[in-house]
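Coordinates in review
Here's the letter readout for the chains.
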Amino acid sequence: MRFSYEPEQKRQKFSEIKAGLDDAESLIRKMDLEARSLQPNVKAVLLAKLREYKSDLNNLKSEHKRLASANSNQAARDDLLESGMADAMSVSANQRGRLMMSTERLNESSDRIKESRRTIRETEELGVSILQDLHQQRQSLLHANDTVFLLLKVPYRHHLLTGKFEGKDEKEINEERRKKEQVKEIKMLF
């Protein structure tokens, strides 16, 4: 099956391809900005992928430009017509094949961009989840610290109220006071 486009149809197809290339470039720029705001280990992987995408996109742009200039070059068309219909058909088939390959590569790049965006969203969600877990762990540690402080404080209060030290000598009492002061210092750190 042979595709033949009128000049206006060709211009429209080239415009559509150009718009797709511009959209892809815009998406790559946005992904680049998003990737640069991530943590270094994730950022390095995503930036490497983005370099591949940029390279693919630049190759597609070059191919599109080459095909567009060949299409607009009247002398090239005249040469094709002079060389015979068979040559024109093979050149047209070659151009169509290259254009289809370029379109396919552009579609693959778009799919990779979508996949990268999905990965970025998942990474962001994972980061939020980790931060929430860390916050809960911090709250648990603070609660445990308060509990330990209260447990250490209760026997000391008993000594103060009763005036009895239950057979403890002054050295043990001073040791308890020292522990209490250490707990206060630790609590002040949090």
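Preceding this paragraph is the structure being described.
About the thresholds
- Residues numbered from 1 in each chain as written.
- Predicted model: local features only at pLDDT ≥ 70, side-chain atom pairs only at ≥ 80, totals over all residues.
- Heavy atoms only, no water.
- Helix = DSSP H or I, 4+ residues; strand = E, 2+ residues; numbered from the N terminus.
- Buried < 20%, exposed > 50% of the residue type's maximum accessible area, 1.4 Å probe, protein only.
- Contact = heavy atoms within 4.5 Å.
- Areas by Shrake-Rupley, 256 points an atom, 1.4 Å probe, with all protein chains shown as cover.
- Core = buried A, V, L, I, M, F, W, Y, C linked by side-chain atoms within 4.5 Å.

1. Details of the overall build of the chain
Helices and strands together make up the secondary structure of the chain, namely five helices and zero strands. When the helices and strands of the chain are listed from N to C terminus, the series reads α-α-α-α-α. Per-residue burial over the chain gives 18% buried out of 190 residues. Counting contacts in the chain only where the partners sit at least 6 residues apart, residues at least 24 apart contribute 73% of the total. When the accessible surface of the chain is summed, it comes to about 14,100 Å², and 56% of that surface belongs to carbon and sulfur atoms.

2. Examining the nonpolar core
Residues Leu 21, Ile 28, Leu 50, Tyr 53, Leu 57 and Leu 106 are the most contacted members of the largest nonpolar core, which totals 16 residues. In this structure Leu 57 touches Leu 21, Ala 24, Glu 25, Ile 28 and Leu 106, once residues within four positions along its chain are discounted.

3. Observations regarding the environment of Thr 123
By secondary structure assignment, the location of Thr 123 is in helix 4 (residues 85-162). Sequence separation between Thr 123 and Gln 39 is 84 residues, and the spatial gap between their C-alpha atoms is 9.8 Å.

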